[in-house]
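# An overview of the molecular structure
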Amino acid sequence: MFVLVTGGAGYIGSHTCVELIKAGFEPVIIDNLSNSKEVVLDRIETISGKRPVFIEGDVLDSAFLNAVFEKYTFAAVMHFAGLKAVGESVQKPFLYYENNVAGTLNLIKAMELAGLRNLIFSSSATVYGMPESVPIREDFPTSTHNPYGASKLMVEGMLSDLAKANSEWNIATLRYFNPIGAHESGLIGEDPKGIPNNLLPFISQVAVGKLACLSVFGDNYDTPDGTGVRDYIHVVDLARGHVCALEKVLGQSGHFVVNLGTGNGYSVLEMVKAFEVVSNKPINYKIVDRRPGDIATCYADPEFAKAFLGWQAEFDLARMCEDSWRWQSNNPNGFDL
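Keep in mind the model is a prediction, meaning the values are calculated, not measured.

Within helix H2 (residues 39-48), the full set of buried residues consists of Val-40, Leu-41, Arg-43 and Ile-44. Angular distribution of buried residues about the axis of H2 spans 160°; they occupy a single face of the element. Tucked into the core, H2 has its buried residues touching helix H1 (11-22), strand E2 (26-31), strand E3 (53-56) and helix H11 (317-330). Downstream of H2 by one or two residues, Gly-49 has phi in the positive range, about 80°.

A few words now on the packing of helix H7 (residues 199-207) against H11. Axis separation between H7 and H11 bottoms out at 10 Å; the angle between their running directions is 50°. In terms of orientation, H7 and H11 fall into the oblique class. By crossing handedness, the relation of H7 to H11 is classed as right-handed. Across the interface between the two elements, Leu-200, Pro-201, Ser-204, Gln-205 and Ala-207 of H7 pack against Ser-324, Trp-325 and Gln-328 of H11.

Quick look at the sheet that holds strand E14 (residues 297-298) now. Read across the sheet, three strands follow the order E12-E9-E14 without closing on themselves; strand pairing throughout is mixed. Each of the sheet's edge strands pairs with one partner strand only, and the pair in question is strand E12 (266-267) and E14.

Another point: empty space enclosed by the protein. In total, this model carries three cavities of 30 Å³ or more according to the counting rule given. In this structure, the largest cavity encloses a volume near 80 Å³. The wall of the largest cavity is formed by Tyr-11, Ile-180, Gly-181, Glu-190, Leu-200, Pro-201, Ser-204, Ser-324, Trp-327 and Gln-328. Of all the secondary-structure elements, those providing two or more residues to the lining of the largest cavity are H7 and H11. A breakdown of the residues in the lining of the largest cavity according to their chemical character gives five nonpolar, four polar and one charged.

One finds Leu-20, Ile-120, Leu-174 and Leu-246 to be the most contacted residues of the largest nonpolar core, which totals 43 residues. Taken together, the elements giving at least two residues each to this core come down to strand E1 (2-6), H1, H2, strand E4 (74-79), strand E6 (170-176), helix H8 (235-250), strand E11 (255-260) and helix H10 (303-309). With eight residues, H8 is the largest single contributor of residues to this core. The residues touching Leu-174, leaving out its near neighbours within four places in the chain, are Ile-120, Phe-121, Ser-122, Ser-123, Ser-124, His-242, Ala-245, Val-258 and Leu-260. The next biggest cluster of nonpolar side chains, apart from the first, holds 25 residues, and it includes Leu-107, Leu-116, Val-155 and Leu-159.

The subject of this paragraph is the packing of aromatic side chains. Counted according to the given criterion, the structure contains seven aromatic pairs. Here Phe-69 and Phe-74 contribute two aromatic rings whose centre-to-centre distance is 5.5 Å and whose plane-to-plane angle is 85°, an arrangement assigned as edge-to-face. A relative accessible area of 8% places Phe-69 in the buried class. Each ring, one from Phe-304 and one from Phe-308, has its centre 5.0 Å from the other, and the planes form 10°; the classification is stacked. In this pair, Phe-304 and Phe-308 are both assigned in helix H10, four residues apart and thus about one turn of the helix distant. Overall, the relative accessible area of 34% leaves Phe-304 in the partly exposed class. Assessed through its relative accessible area of 25%, Phe-308 is described here as partly exposed. Over the ring of Tyr-221 we find Arg-290; its NZ or CZ atom is 3.9 Å from the centre of that ring.

Taken as a whole and judged by the stated rule, the model has 16 salt bridges. For Asp-139, the salt bridge goes to Arg-137, with nearest N and O atoms at 3.1 Å. Under the relative-accessibility criterion, Arg-137 is labelled partly exposed at 39%. Overlapping salt bridges, with partners in common, bring together Glu-19, Lys-22, Arg-240 and Glu-314 in one network.

Turning our eyes to something else, we now look at the UniProt feature "domain: NAD(P)-binding" (unreviewed entry) in the chain. Sites flagged by UniProt as "domain: NAD(P)-binding" (unreviewed entry) map to residues 4-323. Annotated as 41% helix and 18% strand, the span residues 4-323 places its first and last C-alpha atoms 27 Å apart.

Before going further, it helps to examine the side chain of Glu-138. Tracing the chain through its elements places Glu-138 in the loop between strand E5 (118-124) and helix H6 (147-165). One buried charged side chain, Glu-138, makes no salt bridge at all; its nearest oppositely charged neighbour is Arg-137, positioned 6.5 Å away. Among the polar contacts listed, one links the side chain of Glu-138 to the backbone nitrogen of Asn-259, at a separation of 2.8 Å. Apart from residues no more than four positions distant in its own chain, Glu-138 is found in contact with Tyr-128, Arg-175, Val-257, Val-258, Asn-259, Asp-301, Phe-304 and Ala-305.

What counts, and where the lines are drawn
All residue numbers here refer to positions counted from 1 along the written sequence of the relevant chain. Given that this is a predicted model, residues contribute local features only at a pLDDT of at least 70 and side-chain atom pairs are listed and counted only at 80 or more, while totals for whole chains, interfaces and linings are drawn from all residues. Each side-chain value is worked out from all heavy atoms of the structure, with water and hydrogens disregarded. Remark: exposure states derive from per-residue accessible area (1.4 Å probe, protein chains only) relative to the maximum for the residue type, with buried under 20%, exposed over 50%, and partly exposed in between. Helical segments are the DSSP runs of H or I of at least four residues, strand segments are the runs of E of at least two, and each set is numbered from the N terminus. In this context, the arc is that of the directions from the helix axis out to the C-beta atoms. Residues are treated as being in contact if the distance between any of their heavy atoms lies within 4.5 Å. Note on geometry: axes are C-alpha line fits, over the in-contact stretch for helices, and angles between N-to-C directions span 0 to 180 degrees. These descriptions rest on fixed angle ranges, namely under 35 degrees for roughly parallel, over 145 for roughly antiparallel, 65 to 115 for roughly perpendicular, and the rest for oblique. By the definition used in this description, the sense in which the near helix is turned from the far one sets the handedness, with an anticlockwise turn below a right angle giving left-handed and a clockwise turn giving right-handed. Any two strands with at least two DSSP-identified bridges between them are counted as paired. The pocket and cavity definitions rest on a 1 Å grid over protein atoms only: a 1.4 Å probe that fits but cannot leave marks a cavity, an open set with protein on both sides within 12 Å along at least five of seven lines marks a pocket, and residues lining either have an atom within 4 Å of a point. Grid points are joined across faces, edges and corners, and a volume is the space filled by probe spheres set on the points. Side-chain classes are defined by residue name, with Ala, Val, Leu, Ile, Met, Phe, Trp, Tyr, Cys and Pro counting as nonpolar, Asp, Glu, Lys and Arg as charged, and the others, Gly among them, as polar. Among buried residues, the Ala, Val, Leu, Ile, Met, Phe, Trp, Tyr and Cys ones that are joined through side-chain atoms within 4.5 Å form a nonpolar core. What counts as a ring pair is set by centres within 6.5 Å for rings of Phe, Tyr and Trp (its six-membered ring), and what kind of pair is set by the plane angle: stacked under 30 degrees, edge-to-face over 60, tilted for all other angles. Either the NZ atom of lysine or the CZ atom of arginine qualifies as a charge over a ring when it sits within 6 Å of the ring centre and within 35 degrees of the ring normal. Salt bridges are counted wherever a side-chain nitrogen of Lys or Arg sits within 4 Å of a carboxyl oxygen of Asp or Glu. UniProt positions are given in the numbering used here, feature names are shortened, and annotations may be inferred rather than shown by experiment. Positive charges are assigned to Lys and Arg, negative charges to Asp and Glu, while His and the chain termini are left out of the count. For this analysis, a polar contact is any N or O atom pair within 3.5 Å, provided that within protein one partner can donate a hydrogen and the other can accept it, and provided that sequence-adjacent residues contribute only side-chain to side-chain pairs.

What follows is the structure in C-alpha cells.
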C-alpha cells in the first residue's frame, strides 16, 4: 500500500518512513532537497531493509504533482513538506506563505484530481499562540505571532473548510510540540543547515565542538529556574503517532485534530543538564535577552491522542538525549561525510 510522503527526506519525514515500512506500508518520497539530502535514502534502507521510492520535485509544481499521482495509486498522503524556521519567516514572510500555504493548496488540488482524499498534515503547537494555561488541549483557542505559525493556521483553516464542504475527505491535523532525538541506530537524525534554530541540535553541536556556546534566551520567566519550559517528544514517538493517525484516516475518520506531545515540560537548563549527563561533555552557555514572542511554558495534554489514536509517547528525556548524542557524535557534520 503506497503512501506519498512529501518532504520525506527531512528529519521527521525520514523517521516516519522507517516506521511506515515497519508497519507494512510502502512510502514514496517527494522532496526538493532544499533542507535534506538524498543520502538519507541509503540510511533508511540500512535501517529498514527497504529503500523508499524517491522522486525529486516540489509541491509548488502542479504538473510534477499530477504526474506523480498518475504514476502511483496512493492510499494516503503524509504532508511534511514546508519551511519551519520562525525567525526566517519574520524576515521572509512571502516565502513561507508561498511554500506552506500555496504548496498545500497545490497538493490538495492534485489529490482531488486523482480522487484521493486521505491526508495527514504536519502542523505545530505554535498555532496555540500564547495559551492562558497548560497543559494545552486541542480545543484551546488558536492564534499566531509569526508568519510560520500563521501559515500553519491558514492551512489548518483550509483543511477544516475542505472537510466541512466534502465529507469524503479524511484529514488528520497533527500539532507537534518539540521533536528531538534520533533513530537508535545513529544513522538518521536532525541535520539543520547553518546555525540550528532549535534547542537540542544547538546543545549537541556545542557538545561535539562544532559551536562554542549556547545562547539561553531569558532566565526570568515564571518557571522553576527562570528559563522557558517546553514539551520535548522523541522523533520516533512522533513518527509512530503518524502511523496511528494514518490507520485512523484509512478507517474513514473524517477530520480530526490531535496534539502529539508527552505532557511533560522541561526547562532549557534542565535540557542542558540532561545532555551533559549522557554526553559527559560540559555545555557552555550564556544568558541573553528574551526573544520577542517567546512564552514561559508550553506543554501538551496528551489524553485525546491516547484515547482517540491509541498512541502515547514512550521515550523519556534521558533516551531522547542519548539518541541525539549518538547521532551527533557519529555524524558531527550531519549527512556531510
